Amino acid sequence: MAATCSRSRLQFLLHLAQDNLDFRLPEIKALLALRGKPFLPGVNFSEQSPFWCLDGLCEEDVRTITARSVCAKSAIELWGHGKTHSELKTSLLNYPSENMLPYMQKDSTYKISVDTFNKTLLFPERIKRIDALEYLPFEGTVSLKTPEHIFVLLEDYGTDPNNIPEHPNYIYFGRWLADGQRELIRSHSVKNRHFIGNTSMDAGLSFIMANHAKIKKDDLVFDPFVGTGSLLVACSQFGAYVCGTDIDYNIIHGKGRSSRKNRTWRGPDENIRANLRQYGTEKMYVDVMVSDAAKPVWKKAALFDAIITDPPYGIRESTRRTGSHKDITKPPDGIYVESHVPVSQAYHLSDIFTDLLHFSAHHLVMGGRLVYWLPIYRPE
Amino acid sequence: MKLLTHNMLTSHVKGVVKGYPLLIKATEVKMNEVEFNPQFVSRMIPKLEWSALVQAAEELGHREDLPGELMAEYEKDEEFLKKVHRVLLEVEVIEGCLQCPESGREFPITRGIPNMLLNEDEV
């Protein structure tokens, strides 16, 4: 269901971080899909570029992107663009002034930022560029500390750091709307997390995965290889209720040897629930269980809105499933002691993924996504 | 373990046909306050097997006034949703076990976490 907007035919520009290039487009597309909007690239679109112009959207759509994206640094309402500063000027003079005036009022405050990609500008050069924009009808007063409106001049000097042109390849100017959620990468860094394991997923990648999965508030999300719950932390941050399973009893219970350099054993507050508590999302915790992903314990129904997981690859963590190839000798009275850990056998990588796809087909809601890492081997 | 999870679990013991719902034998149950979210409760109700939920709440002695039948038009009935919320998310089994109704096999629950692993000879 497409959300309705009041003012269309505006163009917006996303300024993206030049990182995880392959994951950016799926992230932005997924976030637009949550609004029922298509991805319509505007002028000069290049997937490798940090600047993406988008058509067919309204301000609300763009704000929902910036409220969730960790790939986008910021978004602006695009007023003008061009290959040269004179093209930019023509473009800006063509922009309807009724769209500009609400932000140029006499009693308002503003500032103009100059941002460049692939080149460093010195302070006087920035000032020169700001002064060159005097043809725009700014009526308000400049406030560098607390401006009501921020305008941004962006210069794109290409993507080759060894071949920086003297003049920018492209220039954009517009009204800053919002910053993306890259701060989450720092605030949720695994470095400061209470409970980590050897293969805890990086915070930035966890949030990208949650966005790829089109997580929305009140979803129920499952991770069948939950480990220390990094992916659940990200999903809970976006309003989903979370559950997970892992075959490893110690990791689920938060016991055993610590993964930190200076510690030997895990403390009492180190478990998945404590991780959610650390970030204020404990209310999104449903359950974790010790369970073998090869032998699912869930009733056959569309239970989960999304399944997000990082299965073991057999390199940094072992791939195993319950069962044994050897002859099984049961204890004489058929009763195992409470501390019995079931014998495990190898869980072949291809079986892991077949089982995961099979499981998802049976337990995801229609339209629900499965997001997972697939290790590939590239012989040099 | 919360009753929302319990409602979605089934026995995977080899050869079992009627493995749902698992019986709960709890030795320690805790009430845990969780923020009420009517939208989430409404979304979960269609996924639930209502009689199994009532039975489980009854087994734990925490059914209170949860109705035996799911009424229509529950989305707007906040009082009803609050009752469902309490049973689904606020009742937690800390110690005990889940029992397969057909084979009798028990899966222990320790520190609120069920251990659903089968032993090597059961797989």
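So, here is what we can say about the structure in this document. (Residues numbered from 1 in each chain as written. Chains lettered and ligands numbered in written order. Predicted model: local features only at pLDDT ≥ 70, side-chain atom pairs only at ≥ 80, totals over all residues. Heavy atoms only, no water.)

### Some points on helix α7 (residues 203–212) of chain A
Every α-helical turn comprises 3.6 residues, leaving residues that sit three or four positions apart pointing alike.
All names here are of chain A.
(1) Moving on: With 10 of 10 residues buried, α7 is to be regarded as a mostly interior element.
(2) Moving on: For α7, the complete set of buried residues consists of Ala203, Gly204, Leu205, Ser206, Phe207, Ile208, Met209, Ala210, Asn211 and His212.
(3) Moving on: Elements that come into contact with the buried residues of α7 comprise α1 (21–34), α6 (183–187), α8 (230–237), β11 (304–309) and β14 (364–372).
(4) Moving on: Two residues or fewer after α7 comes lysine 214, characterised by a positive phi angle close to 55°. (Buried < 20%, exposed > 50% of the residue type's maximum accessible area, 1.4 Å probe, protein only. Helix = DSSP H or I, 4+ residues; strand = E, 2+ residues; numbered from the N terminus. Contact = heavy atoms within 4.5 Å.)

### A short note on the layout of surface pockets
Residue and element names in this part refer to chain A.
(1) Moving on: The space that makes up the second largest pocket amounts to roughly 710 Å³.
(2) Moving on: Lining the second largest pocket are 37 residues; nearest its centre among them are Thr199, Gly227, Asp246, Ile251 and Glu317.
(3) Moving on: Taken together, the elements giving at least two residues each to the lining of the second largest pocket come down to α8 and α9 (249–253).
(4) Moving on: Across the lining of the second largest pocket, the residue classes break down as 11 nonpolar, 15 polar and 11 charged. (1 Å grid on protein atoms, 1.4 Å probe; cavity = no way out; pocket = protein on both sides within 12 Å on 5 of 7 lines; lining within 4 Å. Points joined across faces, edges and corners; volume = space filled by probe spheres on them. Nonpolar A, V, L, I, M, F, W, Y, C, P; charged D, E, K, R; others polar.)

### Things to note about the sheet that holds strand β10 (residues 285–290) of chain A
All names here are of chain A.
(1) Moving on: A sheet is described by the order of its strands in space; here 5 strands give the open sequence β10-β9-β8-β11-β14, paired in parallel fashion. Only two strands of the sheet have a single neighbouring strand rather than two, namely β10 and β14. Direction aside, the axes of adjacent strands within the sheet are offset by 15° on average. (Pairing = 2+ DSSP bridges. Axes fitted to C-alpha atoms, helices over the stretch in contact; angles between N-to-C directions.)

### Looking at the interface of chain A and chain B
(1) Moving on: Listed by partner, the interface residues are 38 residues for chain A and 36 residues for chain B.
(2) Moving on: Carbon and sulfur atoms supply 57% of the area buried between chain A and chain B, which totals about 3,400 Å² over both sides.
(3) Moving on: The interface formed by chain A and chain B contains 5 salt bridges.
(4) Moving on: A salt bridge links aspartate 305 of chain A to arginine 43 of chain B, with the shortest nitrogen-to-oxygen separation between them at 2.9 Å.
(5) Moving on: Here chain A and chain B share 19 residue pairs in polar contact (both at pLDDT 80 or more) between them.
(6) Moving on: Within the residue set of the side of chain A that touches chain B, elements represented by two or more residues are α9 and β10 of chain A. (Buried area = accessible area lost by both parts, 1.4 Å probe. Salt bridge = Lys/Arg side-chain N within 4 Å of Asp/Glu carboxyl O. Polar contact = N/O pair within 3.5 Å; in protein donor to acceptor, adjacent residues only side chain to side chain.)

### Re the sheet that holds strand β7 (residues 170–179) of chain A
All names here are of chain A.
(1) Moving on: If you trace the 7 strands from one edge of the open sheet to the other, you get β2-β1-β3-β7-β6-β4-β5, paired in mixed fashion. Edge positions in the sheet fall to β2 (51–57) and β5 (141–142), since each of these pairs with one other strand and no more.
(2) Moving on: One ladder, built from 5 bridges, connects strand β1 (residues 10–16) with β2; its direction is antiparallel. In the strand pairing of β2, phenylalanine 12 is matched with leucine 54.
(3) Moving on: In this fold α1 packs onto β1 and β2, with an angle of close to 20° to the strand it touches most, β2.
(4) Moving on: Sheet strands touched by helix α3 (residues 85–94): β3 (72–82), β6 (149–156) and β7. Its angle to β3, the strand with the most contacts, is close to 85°.

### Some thoughts on the packing of helix α3 (residues 50–59) of chain B against helix α4 (residues 78–90) of chain B
All names here are of chain B.
(1) Moving on: Between α3 and α4, the least distance of the axes is 11 Å, while the angle of their chain directions is 65°. Here the hand of the crossing between α3 and α4 comes out left-handed. In contact with Trp50, Leu53 and Ala57 of α3, α4 contributes Phe80, Val84, Val87 and Leu88.
(2) Moving on: Looking at the contact of α3 with α4 residue by residue, the classes come out as 7 nonpolar, no polar and no charged. (Left-handed = near helix turned anticlockwise from the far one by under 90°.)

### Points about the packing of aromatic side chains
Residues and elements named next belong to chain A.
(1) Moving on: Here the structure, examined in full by the defined rule, presents 25 aromatic pairs over all chains.
(2) Moving on: Considering the side-chain rings of tryptophan 79 and phenylalanine 151, the 5.4 Å spacing of their centres and the 55° angle between planes classify their relative orientation as tilted. Remark: phenylalanine 151 occurs in strand β6 and tryptophan 79 occurs in strand β3; sequence separation between them is 72 residues. The burial state of tryptophan 79 is the same as that of phenylalanine 151; both residues are buried.
(3) Moving on: Through a chain of ring-to-ring contacts, three or more aromatic side chains come together here, namely Trp79, Tyr95, Tyr103, Tyr110, Phe138, Phe151 and Phe173.
(4) Moving on: Over the ring of phenylalanine 238 we find arginine 68, and its NZ or CZ is 4.1 Å from the ring centre.
(5) Moving on: Against the face of tyrosine 347 rests arginine 321, its NZ or CZ located 5.3 Å from the ring centre. (Phe/Tyr/Trp six-rings, centres within 6.5 Å; stacked < 30°, edge-to-face > 60°. Lys NZ or Arg CZ within 6 Å of the ring centre and 35° of its normal.)

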